[in-house]
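Architecture at a glance
As a plain string of letters, each chain reads:
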Amino acid sequence: MDENGESQTSELDGRHEITTTGKKKRARRLRSHRRALSEFALQAVKEGLLKYWLQRYLLFSRFDDGIKMDEEGWFSVTPELIARHHASRCGNGIVIDCFTGVGGNAIQFAMKSSHVIAVDINPQKIEYAQHNASIYGVNDRIDFVVGDFFQMACRLKGDTVFLSPPWGGPDYAKVVTYDIRSMLKPHDGYHLFKIAKTVASKVVLFLPRNVDINQLAELSLSLNPPWELEVEKNFLNGKFKAITAYFNCRAT
Ligand code: MGP
Ligand code: SAH
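Given the structure is predicted, the values throughout are model-derived calculations rather than measurements.

1. Section: the packing of helix α5 (residues 80–90) against helix α6 (residues 104–112)
Taken N-terminus to C-terminus, the directions of α5 and α6 make an angle of 45 degrees; their axes are 8 Å apart at the nearest point. In terms of axis orientation, α5 runs oblique to α6. Two packed elements cross with a definite hand, and for α5 against α6 that hand is right-handed. Of the residues in α6, those in contact with Glu80, Ala83, Arg84, His86, Ala87, Ser88 and Cys90 of α5 are Gly104, Asn105, Gln108, Phe109 and Lys112.

Here it is in structure tokens:
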């Protein structure tokens with residue numbers, strides 16, 4: 001120790017103190033992050049949603065940035081890669097997402113298209129979708145609307161109408177063949193298509209993997225002249241997840 005010893009020591013102590021505080025802060029942050037995650041996972045187990053929580057980064061790659069979900073959101077959000085694919089197929093014109101949910105599809109549409117209108121009957125879903133879109137930095141490219149698509153349809157016009165309605169919950173998979181006439185909510189698939197085709201000349205329908213393909217053909221043939229139909233199987237990590245039907249009015 002010399003006559004400046006005290007100040008040197010306190011400087012060293014100070015540096016040491018800073019390091020310790022930084023480590024402590026990081027450790028505290030990590031502990032609270034872990035606690036939040038385990039509480040979240042516990043809630044997910046209680047609600048039977050663990051399977052979806054384990055796939056959270058497939059649903060939203062930015063999940064950890066604060067994505068908001070509710071129960072229906074967990075089991076019905078379109079996984080990000082499939083939603084991105086939908087967006088690449090729907091073009092860059094006006095896309096109307098008629099059953100927005102927590103925004104899985106609307107966010108990806110906004111990454112590609114000039115203008116997205118996102119409709120959902122449930123105000124909390126729209127709030128979550130808006131919040132989730134802000135995490136992806138695209139909320140200002142989407143017009144969020146709370147409303148019943150069937151009632152609003154006569155006032156909507158766009159290039160593509162995208163439909164991912166409720167399938168009746170996860171039980172859709174319990175039947176061998178999914179019947180769009182009796183199982184889709186809140187109205188049957190024939191009524192849904194009849195309304196949707198008045199909104200845009202391209203109608204995209206996201207459906208269960210066990211859907212009756214003959215019914216999709218029936219929809220396109222119900223019009224005169226018939227609309228073109230393309231049926232696509234959507235796989236994720238090798239697993240067959242869902243079917244997307246693309247209907248196009250030939251006149252355009
Ligand atoms: P899933 O029931 O999670 O099947 O749905 P998965 O992953 O094959 O599960 P498993 O138990 O058979 O192994 C697959 C995907 O379908 C989900 O990620 C959603 O994108 C979509 N999906 C599921 N439901 C119940 C709905 C729904 O009600 N509406 C909409 N629009 N999409 C749904
Ligand atoms: N594609 C969405 C998931 C849609 S889930 C995503 O990726 O997040 C189906 C949604 O349809 C639910 O959020 C439900 O609130 C909404 N819905 C049900 N009936 C509706 C109606 N009549 N009009 C608009 N939205 C409706």
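Moving on from the model shown.
2. Brief notes about the confidence of the model for the protein chain
Caution applies to low-pLDDT regions: their predicted coordinates should not be interpreted in detail. For the protein chain, the mean per-residue pLDDT works out to 89, and 87% of the residues sit at or above 70. Of the regions scoring below 50 in pLDDT, residues 1–20 engages in 0 contacts with residues more than four places distant in sequence or in other chains.

3. With respect to the pairing of strand β2 (residues 115–120)
For β2, a buried count of 5 out of 6 residues is recorded, marking the element as mostly surrounded by other parts of the structure. Here 4 bridges tie strand β1 (residues 94–97) to β2, and the two strands are oriented parallel to one another. When the bridges of β2 are listed, isoleucine 94 appears paired with histidine 115. Following the chain from β1 across α6 to the adjacent parallel β2, one finds a crossover that is right-handed.

4. Details of the layout of surface pockets
Size it by volume and the largest pocket reaches roughly 910 Å³. Elements that contribute at least two residues to the lining of the largest pocket include exactly α2 (50–54), α4 (71–76), α6, α8 (149–152) and β7 (239–248). Among the elements that line the lining of the largest pocket, the one with the most residues is α4, at 5 residues. Its residues assigned to classes, the lining of the largest pocket shows 22 nonpolar, 14 polar and 8 charged.

5. Side note on the packing of aromatic side chains
A complete count under the given rule lists 12 aromatic pairs for this structure. Ring geometry for phenylalanine 99 and phenylalanine 150: centres 6.3 Å apart, planes at 65 degrees, overall edge-to-face. In this pair, phenylalanine 99 is assigned in the loop between β1 and α6 and phenylalanine 150 in helix α8, connecting sequence segments 51 residues apart. With respect to burial, phenylalanine 99 and phenylalanine 150 carry one shared label: buried. Taken together, Tyr57, Phe63 and Trp74 form an aromatic cluster joined through their ring pairs. Positioned over the ring face of tyrosine 136 is arginine 62, at 4.9 Å from the centre of the ring. Taking NZ or CZ as reference, lysine 233 lies 5.1 Å from the ring centre of phenylalanine 240, over its face.

6. What about the sheet that holds β7?
Overall, mixed pairing links the 7 strands, which are arranged β3-β2-β1-β4-β5-β7-β6 in an open sheet. Here the strands that pair on one side only, and so sit at the sheet edges, are β3 (142–146) and β6 (228–236). Sheet twist, expressed as the average angle between the axes of neighbouring strands with direction ignored, equals 20 degrees. Pairing of β6 with β7 involves 9 bridges; the strand directions are antiparallel. In the strand pairing of β7, phenylalanine 235 is matched with phenylalanine 240.

Each value, and the rule that gives it
Residues numbered from 1 in each chain as written. Chains lettered and ligands numbered in written order. Predicted model: local features only at pLDDT ≥ 70, side-chain atom pairs only at ≥ 80, totals over all residues. Heavy atoms only, no water. Axes fitted to C-alpha atoms, helices over the stretch in contact; angles between N-to-C directions. Helix = DSSP H or I, 4+ residues; strand = E, 2+ residues; numbered from the N terminus. Parallel < 35°, antiparallel > 145°, perpendicular 65-115°, else oblique. Left-handed = near helix turned anticlockwise from the far one by under 90°. Contact = heavy atoms within 4.5 Å. pLDDT = per-residue confidence, 0-100. Buried < 20%, exposed > 50% of the residue type's maximum accessible area, 1.4 Å probe, protein only. Pairing = 2+ DSSP bridges. Right-handed = clockwise from strand over helix to strand, strands pointing away. 1 Å grid on protein atoms, 1.4 Å probe; cavity = no way out; pocket = protein on both sides within 12 Å on 5 of 7 lines; lining within 4 Å. Points joined across faces, edges and corners; volume = space filled by probe spheres on them. Nonpolar A, V, L, I, M, F, W, Y, C, P; charged D, E, K, R; others polar. Phe/Tyr/Trp six-rings, centres within 6.5 Å; stacked < 30°, edge-to-face > 60°. Lys NZ or Arg CZ within 6 Å of the ring centre and 35° of its normal.

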